[in-house]
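Chains, contacts and geometry: an overview
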Amino acid sequence: MNLQAIVDEITATLRPQAGQQGQVASYIPALARVRADRFGIALRTFDGLEAAAGDSDVPFSIQSVSKLFSLTLGLQLIGESMWDRIGREPSGNPFNSLVQLEREEGKPRNPFINAGSIAVADRLISQGRTEIDLVAMLSDLAGAPIDIDEEVAASEAATGFRNVALANFMKSFGQIDNEVAAVLRLYFGQCSIRMNCRQLARAAGYLCRDGAHPGGGAAVVSERQARRVNALMLTCGTYDMAGEFAYLIGLPCKSGVGGGIVAVVPDRLTLCVWSPALDVSGNSWLGMRALEMFVARTGLSVF
Ligand code: GLU
């Protein structure tokens, strides 16, 4: 299968449509000014072959894609006890909802909604880690220096009232051990990490390699943990569209409001698509089309 020809074809077909449907996230200025006509795609096979096209080298705000990596760091550090305070079920509610959290006494449904990722951040702080450790982990996985966009981080902190509420709400139920300010610094920092499609396809490589490091370093997580992260991505990784993603694409995916989506074909490859205009669910509209097209061309799907 000529993967470069496939990503070239996807890009030639879809790039002209970039920005024609959906809206770029506008809740902070740094995201609102990203050009809607961007489209990038990159993939990396389990044995290190790479293919990329379009704006695959343009960095973007990874936003909620970071939730995947903070969970990974948490699993490395504390293993299964991660699940003492975080569930593993789809929420069926908006990613930043407070309502469900009240009914469920401050225990977030899963690590990929905001409350869940804030709870993961709390576990990381308890292990002496900060956003700097997450950036270091990503730099190691991607084989390139990764950084935080400080303008985005400052805006996230200045406007993240709902995240502040979620963190305090969980703390009121005794579900957050550390200072809310420190937990949120990590959370806002992780949302503000910038990476490009190539780097993300590489960094997520352990998910198609049974947990093995994409660059040949020490195992990132165990085979079992990698399988479980993939399961969570499939069921909870794309806001309220996980059912639709499973139906149309059939791959574990994690998306973010920066317009990036990371997808995994277990034992084969990892893929990252980016186009900043989002559909109403918060997923990249064109990114979703690109994944559909990729699966149609390659027949690669977990089903
Ligand atoms: N940074 C935003 C927040 O935490 C959005 C993250 C996302 O869903 O991509 O509210």
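Residues numbered from 1 in each chain as written. Predicted model: local features only at pLDDT ≥ 70, side-chain atom pairs only at ≥ 80, totals over all residues. Heavy atoms only, no water.

When helices and strands are tallied, the protein shows 13 helices and 10 strands. For a compact globule of 303 residues, the expected C-alpha radius of gyration is about 19 Å, and the protein comes in at 18 Å, within 12% of that figure. Across its three principal directions, the C-alpha atoms of the protein cover 55 × 40 × 35 Å. Relative to its full complement of 303 residues, the protein shows a buried share of 59%. A sequence separation of at least 24 residues applies to 69% of the contacts in the protein between residues at least 6 apart. Accessible surface computed for the protein: about 11,700 Å², of which carbon and sulfur atoms make up 50%. A distance of 1 Å separates the average location of the 27 positive side-chain charges in the protein from that of its 31 negative side-chain charges. (Helix = DSSP H or I, 4+ residues; strand = E, 2+ residues; numbered from the N terminus. Rg over C-alpha atoms; globule rule 2.2 N^0.38 Å. Buried < 20%, exposed > 50% of the residue type's maximum accessible area, 1.4 Å probe, protein only. Contact = heavy atoms within 4.5 Å. Areas by Shrake-Rupley, 256 points an atom, 1.4 Å probe, with all protein chains shown as cover. Lys, Arg positive; Asp, Glu negative; His and termini not counted. Charge placed at Lys NZ, Arg CZ, Asp CG, Glu CD.)

What follows concerns the sheet that holds strand β4 (residues 60-61). Taking strand neighbours across the sheet as the criterion, the 3 strands line up as β4-β6-β5 in an open arrangement whose pairing is antiparallel. Two strands lie at the open edges of the sheet, namely β4 and β5 (147-148), each paired on one side alone. Note: β4 against strand β6 (residues 193-195), 2 bridges, orientation antiparallel. Considered in β6, the bridge of S61 is made with R194. Against the sheet, helix α6 (residues 131-142) contacts β5 and β6, and its axis sits at roughly 10° relative to β6. (Pairing = 2+ DSSP bridges. Axes fitted to C-alpha atoms, helices over the stretch in contact; angles between N-to-C directions.)

Below, the discussion takes up the side chain of Q190. Tracing the backbone through its elements, the reader meets Q190 in helix α9 (residues 180-191). Overall, Q190 belongs to the buried group, its relative accessible area being 0%. Look past the residues within four positions of Q190 in its chain and what remains in contact with it is I62, Q63, S66, K67, S70, S117 and L134.

In summary, the side chains of a regular strand alternate between the two faces of the sheet. In terms of burial, strand β2 (residues 40-45) is a largely internal element, 6 of the 6 residues being buried. Across the two faces of β2 the burial is the same, with G40, A42 and R44 and I41, L43 and T45 all buried. Looking at chain direction, β2 and strand β3 (residues 50-54) are connected through 5 bridges and run antiparallel. Bridge pairing in β3 links G40 to G54. Counting the residues that bridge the hairpin from β2 to β3 gives 4 residues, and of these G48 lies at a positive phi of roughly 95°. Here β2 runs beside strand β9 (residues 269-274); their pairing, made up of 6 bridges, is antiparallel. Within β9, the position partnered with A42 by the bridge is C272.

Contact geometry of helix α5 (residues 114-126) with α9 gives a least axis separation of 9 Å together with a crossing angle of 115°. Once α5 is placed against α9, the crossing between them reads as right-handed. Residues N114, S117, I118, A121, D122, L124 and I125 of α5 form the contact with α9, whose participating residues are A182, V183, L184, L186, Y187 and Q190. A per-class count over the contact of α5 with α9 returns 9 nonpolar, 3 polar and 1 charged. (Left-handed = near helix turned anticlockwise from the far one by under 90°. Nonpolar A, V, L, I, M, F, W, Y, C, P; charged D, E, K, R; others polar.)

Further remarks concern the nonpolar core. L68, F69, I118, I193, M195 and L200 are the most contacted members of the largest nonpolar core, which has 65 residues in total. For this core, the leading source of residues is α9, giving 8 residues. Dropping the residues within four chain positions of it, L200 is found in contact with F60, I62, V65, F69, M195, V262 and C272. Of all hydrophobic cores here, the second largest spans 30 residues; its members include I249, L271, A290 and V295. (Core = buried A, V, L, I, M, F, W, Y, C linked by side-chain atoms within 4.5 Å.)

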